[in-house]
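Survey of secondary and tertiary structure
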Amino acid sequence: MERLLTMFEQADPFSTWWPTIAALTVGIVITVRTLMSGQRCPNDNQIKEQIVVVTGGNSGIGFEIAQALAGRGGRIILACRNTQAGERAAAIIKRELGCHTPLSSLDDDENPADRYFVEARYLDLCSLHSVHHFAGQLMAEFERIDILVNNAGVVFANTQVPTADGFERHSQVNYLAPFLLTHLLLPHLHRSEQGRIIFVSAHAHQAAKIDFDDPLNVGTWSVKFHAREAFAHSKLCVLLATRWLARELKGTSVTVNCCTPGLVRGTRHLRNSPLMSSICVKAVTYPWMWLFMKNAYEGAQCAIRLATDPQLKEVTGEYFNDCEIVESSELGQDKELAKKLYMQTIKTLESVTKLTVDREAYGMDLELETETDSELRLETPAEREPEAETKRAAEGEGGKEEGQRQPLE
């Protein structure tokens, strides 16, 4: 032991380059990690008593968004396919926030966690019927919705197995179902003093392929799309729909923006990734993932700013990265393509479901604001078939396209 201590005492750090190289390496790693972690939300604004819906809020980025907004006073609804995981996430959020609540501000018998409203609700984006049911429950229970964060999504799903509604999984989960949910909740978002809609896109939209005559790719996805391409296409659709929906909502109290969390590790999105294919691959790639990818907390910062910053009250139809407005791909700025996609999406969803609200079915007693608020239910194939037969008989064999849906009021 004494010999080892003597060696350290007599060591000369300037007699070799290794300490300098080690210091430079550590400095570079820290610098790269800091740059890649992105910008933090630049404010701590409160959203007291605002009602916030976060899809996919039981894990990953959605969990971090929900926890941050709950800590700022929001009433959080976690929309999750796995309700048990959602309930665990809600309990964790309340417990962790309660641990940081000053006891001096509470009554003697009050549990700090009880100050926070966080609960889980069932929502399966693979089912449009589930989207309708979820929206109906919310609109029956709450008089308004203040913030909607469309965060949930999938990547590396099997493109050859469509959903029960007949759509490619990336397309429905990442785009069509959030689009439907947003339109169903629009009447309640209008009742908010300043409703905010936030869509989560991805850098991958820049690599997307899209056909102008068939922007949803409902006729070509099964033969042309790899999982990566399907994911990129769905995220470009999210961005384009954000652009056009902002135009439709111009002049209202509701804003709609889109953000990318960046490259994020530690989420369930990577469970089907080739990077997670084996222990050896994980061991090789994880250090690089740690260095060049954000964690879930860092990936949530942009959405948190969009939900809370009063400076963004009038900002709508924009694409954000690292808490700032940035340019998207050229396709993501194409207004004609955005309009074409939006109109085709409306037409496609109207062929499967109705974007309306049934007040009696959900015990609602609300003033109707638009003519589309009269009914909320999913048409079954049996209900649609007689209508289809009647329409074919009226239009003849050639058929005529339905007129485009009028812009939202």
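Preceding block: the structure.
These notes cover the structure that comes with them. Quick caveat, the model's predicted, so the values are computed rather than measured.

What the rule picks out here adds up to zero disulfides. Cys-258 forms no disulfide, and the closest cysteine sulfur to it belongs to Cys-259, at a distance of 6.4 Å. The thiol of Cys-259 is unpaired, and the distance to the nearest cysteine sulfur, on Cys-302, comes to 4.5 Å. Assessed through its relative accessible area of 2%, Cys-259 is described here as buried.

As a further point, take helix α11 (residues 301-308). With respect to burial, α11 is a largely interior element, eight of its eight residues being buried. Taken together, the buried positions of α11 are occupied by Gln-301, Cys-302, Ala-303, Ile-304, Arg-305, Leu-306, Ala-307 and Thr-308.

The subject of this paragraph is a positive patch on the surface. On the surface, a cluster of positive charge is contributed by Arg-247, Lys-250, Lys-335 and Lys-339. Checked against the element boundaries, Lys-339 lands in helix α12 (residues 335-350).

Here the focus is the nonpolar core. Ranked by internal contacts, the top residues of the largest apolar core, which has 57 residues, are Val-131, Phe-134, Leu-138, Tyr-175, Leu-181, Leu-185 and Ile-197. Every element with two or more residues in this core is listed here: β1 (51-55), β2 (75-80), α5 (128-141), α6 (169-190), β5 (196-200), α8 (227-248), β6 (255-260) and α12. Per-element tally for this core: the top contributor is α6, with eleven residues. Discounting chain neighbours no more than four positions away, the residues touching Leu-185 are Ala-135, Leu-138, Met-139 and Leu-148. Grouped together as the second largest cluster of nonpolar side chains are 35 residues, Val-54, Ala-70, Val-149 and Cys-259 included.

Turning next to the packing of helix α3 (residues 60-71) against helix α4 (residues 83-99). At a minimum axis separation of 10 Å, α3 and α4 run at an interaxial angle of 40°. Here α3 is positioned oblique relative to α4, judged by the angle of their axes. Where α3 crosses over α4, the handedness of that crossing is right-handed. Contacts from Phe-63, Ala-66, Gln-67, Ala-70 and Gly-71 in α3 reach Ala-89, Ile-92, Ile-93, Glu-96 and Leu-97 in α4. A per-class count over the contact of α3 with α4 returns seven nonpolar, two polar and one charged.

We now examine the packing of aromatic side chains. On inspection of all chains with the given rule, the structure shows two aromatic pairs. Ring geometry for Tyr-175 versus Phe-179: centroids 5.7 Å apart, planes at 55°, classification tilted. Of the two residues, Tyr-175 and Phe-179 are both situated in helix α6; the distance of four residues between them amounts to about one turn of the helix. Of the residues examined, Tyr-175 reaches a relative accessible area of 2% and is grouped as buried. Considering the side-chain rings of Phe-179 and Tyr-342, the 5.4 Å spacing of their centres and the 65° angle between planes classify their relative orientation as edge-to-face. Here Tyr-342 lies in helix α12 and Phe-179 lies in helix α6, a separation of 163 residues in the sequence. You can call Tyr-342 buried: its relative accessible area is 2%. A connected cluster of aromatic rings, assembled from ring pairs, spans Tyr-175, Phe-179 and Tyr-342.

For β2, a buried count of five out of six residues is recorded, marking the element as mostly surrounded by other parts of the structure. Strand direction decides the pairing type here: β1 and β2, joined by five bridges, are parallel. Bridging from a neighbouring strand, Val-52 pairs with Ile-76 of β2. Across five bridges, β2 lies against strand β3 (residues 118-122) in parallel orientation. Note that in β3 the partner of Ile-76 across the bridge is Val-118.

Here α8 crosses α12 at 90°, and the two axes come no closer than 8 Å. One finds that α8 runs roughly perpendicular with respect to α12. Between α8 and α12, the residues in contact are Cys-237, Leu-240, Ala-241, Trp-244, Leu-245, Arg-247 and Glu-248 and Lys-335, Leu-337, Ala-338, Lys-339, Leu-341, Tyr-342 and Met-343, respectively. Split by residue class, the contact of α8 with α12 holds ten nonpolar, no polar and four charged.

Thresholds, definitions, all that
- Once a new chain begins, its residue numbering starts again from 1 and follows that chain's sequence as written.
- Totals for whole chains, interfaces and linings use all residues, but because this is a predicted model, local features are given only for residues with pLDDT of at least 70 and pairs of side-chain atoms are given and counted only at 80 or more.
- As a convention, hydrogens and water are excluded, and side-chain values are obtained from all of the structure's heavy atoms.
- Two cysteine sulfurs form what is called a disulfide whenever their separation falls within 2.5 Å.
- Each residue is placed in one exposure class: buried if its accessible area under a 1.4 Å probe, protein chains only, is under 20% of its type's maximum, exposed if it is over 50%, and partly exposed if it falls in between.
- Each helix corresponds to a stretch of at least 4 residues labelled H or I by DSSP, and each strand to a stretch of at least 2 residues labelled E; elements are numbered beginning at the N terminus.
- Residues form patches when they are more than 30% accessible in relative terms and have no salt bridge. Like charges link within 9 Å. Nonpolar side chains (Val, Leu, Ile, Met, Phe, Trp, Tyr) link within 5 Å.
- Note on areas: Shrake-Rupley, 1.4 Å probe, and residue coverage restricted to the protein chains presented here.
- Salt bridge criterion: a side-chain nitrogen from Lys or Arg within 4 Å of a carboxyl oxygen from Asp or Glu.
- In summary, the charge assignment counts Lys and Arg as positive and Asp and Glu as negative, without counting His or the chain termini.
- A charged residue contributes its charge at one atom only: NZ of Lys, CZ of Arg, CG of Asp or CD of Glu.
- Nine residue types can take part in a nonpolar core, namely buried Ala, Val, Leu, Ile, Met, Phe, Trp, Tyr and Cys, and a core is a set of them joined through side-chain atoms within 4.5 Å.
- A contact between two residues is defined here by any heavy atoms of the two lying within 4.5 Å.
- Lines fitted to C-alpha atoms define the axes here, with helix axes fitted over just the stretch in contact, and angles between the N-to-C directions of these axes take values from 0 to 180 degrees.
- Geometric relationships in this document are graded by angle, where less than 35 degrees denotes roughly parallel, more than 145 denotes roughly antiparallel, 65 to 115 denotes roughly perpendicular, and other angles denote oblique.
- Two helices crossing with the near one rotated counterclockwise from the far one by less than a right angle form a left-handed crossing, whereas a clockwise rotation gives a right-handed crossing.
- Three categories are distinguished: nonpolar for Ala, Val, Leu, Ile, Met, Phe, Trp, Tyr, Cys and Pro, charged for Asp, Glu, Lys and Arg, and polar for the others, with Gly belonging to the last.
- Stacked, tilted and edge-to-face are the three classes assigned to paired rings of Phe, Tyr and Trp, where Trp is represented by its six-membered ring and a pair needs centres within 6.5 Å; plane angles under 30 degrees give stacked, over 60 edge-to-face, the rest tilted.
- For two strands to be treated as a pair, DSSP must find at least two bridges joining them.

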